[in-house]
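Coordinates in review
These are the residues of each chain, in order.
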Amino acid sequence: MQEILFTALVVTAIASALAAVLTLADRTVGNYGQVQMTINNDKQFTVEGGKTLLSTLIGQKVFIPSACGGKGSCGYCKVKVHDGGGPVLATEKPMLTEEELANDVRISCQIKVKQDIQIEIPEELFNVKEYDTTVERVEQLTKTIKLLRFNLGEETISFKPGQYVQLKAPAYEGNDEEVYRAYSVASSVNDPNHLELLIGYTGGIATTYVHQHLKEGDEVNINGPYGDFHYQEDDGGPIIMAAAGTGMAPILSILQYMADHEIQREAIFFFGARTMEDLFLSEKMKEFEEKLNFRYVPALSREESAEWTGIKGRVPVAIDQFIKDGAPYSAYLCGSPQMIDSIRESLKEHGVPEEKIYYDEF
Amino acid sequence: MIDVHPLVIFVAAIFTSNMIFSNFLGMCSFIAVSKEVETAIGLGIAVTFVLTFTTVLNYLIYWNILQPFGLEYMMFIIFILTIAAFVQLVEMLLERYVENLYYALGIFLPLITVNCAILGVSLFMVYRSYNFLQTVGYSIGSGIGWMLAITAMAGVRSRLNLKAMPEGLVGAPITLIITGIMALAFIGFSGMVQIQ
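Residues numbered from 1 in each chain as written. Chains lettered and ligands numbered in written order. Predicted model: local features only at pLDDT ≥ 70, side-chain atom pairs only at ≥ 80, totals over all residues.

1. Observations concerning the sheet that holds strand E2 (residues 43-48) of chain A
Residues and elements named next belong to chain A. Read across the open sheet, the five strands follow the order E2-E1-E5-E3-E4; overall the sheet is mixed. The strands lining the two open edges of the sheet, one partner per strand, are E2 and strand E4 (105-107). Each strand of the sheet is rotated relative to its neighbour by a mean of 40 degrees, with strand direction disregarded. Here strand E1 (residues 34-39) runs beside strand E5 (residues 117-120); their pairing, made up of three bridges, is parallel. Within the sheet, the bridge partner assigned to isoleucine 39 lies in E5 and is isoleucine 119. (Pairing = 2+ DSSP bridges. Helix = DSSP H or I, 4+ residues; strand = E, 2+ residues; numbered from the N terminus. Axes fitted to C-alpha atoms, helices over the stretch in contact; angles between N-to-C directions.)

2. Looking at the sheet that holds strand E11 (residues 219-226) of chain A
Residues and elements named next belong to chain A. Spatially, E9-E8-E11-E6-E7-E10 is the arrangement adopted by the six strands of the open sheet, whose pairing is antiparallel. Taken across any chain shown, the strands that pair with only one partner, and hence form the sheet edges, are strand E9 (179-184) and strand E10 (194-200). Put simply, the sheet's adjacent strands are angled 40 degrees from each other on average, direction ignored. Strands in contact with helix H4 (residues 205-213) are strand E7 (145-151), strand E8 (164-169), E9 and E10; relative to E8, the strand with the most contacts, it is inclined by about 80 degrees. (Contact = placed C-beta atoms within 7 Å.)

3. Re the packing of helix H7 (residues 315-322) of chain A against helix H8 (residues 337-349) of chain A
Residues and elements named next belong to chain A. Relative orientation of the contacting elements H7 and H8 amounts to 20 degrees, with a least axis distance of 9 Å. When the axis of H7 is compared with that of H8, the two are roughly parallel. With respect to the hand of their crossing, H7 and H8 are arranged in right-handed fashion. Across from Val315, Pro316 and Ile319 in H7, the residues of H8 making contact are Ser342, Ile343, Ser346 and Leu347. (Parallel < 35°, antiparallel > 145°, perpendicular 65-115°, else oblique. Left-handed = near helix turned anticlockwise from the far one by under 90°.)

4. Digging into the interface of chain B and chain A
Each partner contributes to the interface: chain B provides 19 residues, whereas chain A provides 16 residues. Secondary-structure elements contributing two or more residues to the side of chain B that touches chain A are helix H3 (37-69), helix H4 (75-97) and helix H5 (99-105) of chain B. The biggest single contributor to the side of chain B that touches chain A is H4 of chain B, with ten residues. Of the residues in the side of chain B that touches chain A, the class split is 13 nonpolar, four polar and two charged. (Nonpolar A, V, L, I, M, F, W, Y, C, P; charged D, E, K, R; others polar.)

5. Regarding the pairing of strand E3 (residues 78-83) of chain A
Residue and element names in this part refer to chain A. As defined by bridge partners, E3 adjoins E4 across three bridges and the pair is classed as antiparallel. Residue valine 79 lies in a different strand from E4, and its bridge partner there is arginine 106. Pairing analysis gives three bridges linking E3 to E5, with the strands arranged antiparallel. The residue bridging valine 81 from the neighbouring strand is isoleucine 119, located in E5.

6. Details of the nonpolar core
The biggest cluster of nonpolar side chains holds 86 residues, and the ones touching the most others in it are Leu197, Ile240, Met241, Ile251 and Phe270 of chain A. Ranked by residue count, the leading element in this core is helix H5 (residues 248-260) of chain A, at seven residues. With sequence-adjacent residues up to four places away left out, phenylalanine 270 of chain A is seen in contact with Ala242, Val297, Ala299, Val315, Ala318 and Ile319 of chain A. Membership of the second largest hydrophobic core comes to 49 residues, among which are Ala40, Val87, Ile118 and Met147 of chain B. (Core = buried A, V, L, I, M, F, W, Y, C linked by C-beta atoms within 7 Å. Buried ≥ 20, exposed ≤ 12 C-beta atoms within 10 Å, placed from the backbone.)

7. What to know about helix H1 (residues 2-28) of chain A
Helix length check: H1 of chain A, at 27 residues, gives a terminal C-alpha distance of 38 Å against a target of 39 Å (1.5 Å per residue), a fit within 8%. For H1 of chain A, a buried count of two out of 27 residues is recorded, marking the element as mostly open to its surroundings. (Expected span 1.5 Å × (residues − 1).)

8. What about the environment of glutamate 262 of chain A?
When you line up the elements, glutamate 262 of chain A lands in the loop between H5 and strand E13 (267-273). Sequence separation between glutamate 262 of chain A and asparagine 293 of chain A is 31 residues; the distance between their C-alpha atoms is 9.7 Å.

Okay, here's the thing in structure tokens:
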């Protein structure tokens, strides 16, 4: 009995001594103290060293887009590190191109802040904030698409029409992973207390959460805004818009913006869908047609019924019919990469200048 | 064993009692990391470093704590504990002060914790009742011997990549066969010095 106790005592003593040494090392060697983080040469932050750059930035309320939650698998959280980032790590290399490596681009969730660090991020990311919202309304638009209206409470969001936000899908039954997914804002920039998103069911982690678990009154964490796809004030000519499915969201926001500011630029919106069942918000489109110099043209690729008198076929068919000379137009496209490729081709054939075709792929 | 000179043990640990070729210890990382000479050398250096210091540490703990209290049978657990703690410590120190080496070693460093060549050297040091200097010579020699073996294997394998090989032999199988042949070659050294 005594021997057992004694043995346990000695082993515990040795283990504790080792643990003490490690704890001490963690406090001294592993403690990087306060370091200076300089962003874009003008903003200075004093931060606790030792954590990853991404979590240090989030700690200072600077949000960098990141879909995988810092696991180093999505490669979204790229920032330019001009000084103090240390050598490029093996875990970063697969996600960086030669050009990015030459331009100091790093994966911010992989590198640690251990000394004074100088980084560069797009200025508009300072506008990105995190919002605790509640679901105010859920509306089933089609079989697979829901419109969700989120209430931001006291807080306000300032964004450009066409930009997107990230919604955090927490772990739920059957999914133990926390993910962020990007959705374009469909609501007006003049209503900064609310956000409306169109979310289509794909069976993925976030859309399953939204379609099968989220109810009115639930709390949802959203951060944003992001993205350089947005309405351009400076070119005054006519506008072509084209989208399919939930890609209508940023177009809605742009139209709402034009309605709010009574912008009477000529605008035409080609909406691609399969059948009449896939069309939604047609009433809203009518309202825009009445208020604006605007025309809504749905194009159905699979509709057989005689009831349908509109365009049969895909969006390029509609473009052929409505656009004669594309030169004065600018275009806003939102949809799948394949769809955008085909529409861009078609627009170029009609003479729409390539640099005036803005698009958002998802 | 008492009168063998530490330098003799050092040389013997590299050639005649090589950890890989005569004891077949530390095979996992030997097979997994012997694809490129550069990384093989990196891991070899890390193993040598950790091996030397943990063996000395274990020597002190064994003869000053375990043996006086009659707790020799606990040495397996205690040795593993010191090795794990030491690797942690080394990781922290390297990350702070020798950043380049830390990044070069990458994930190899934590892997060393479970490299059985390291536990093996600590146990042999006890079984063969080495004194302190002999222990130092033995541990440094074993580390260098392990590094020599993995570097040589990496050299062979990088040339092997250029040749067509039967599919069933690609990877670990051919590595094991080559290890066997190399071990045979190392037997040639056995007349030089003998410590076992």
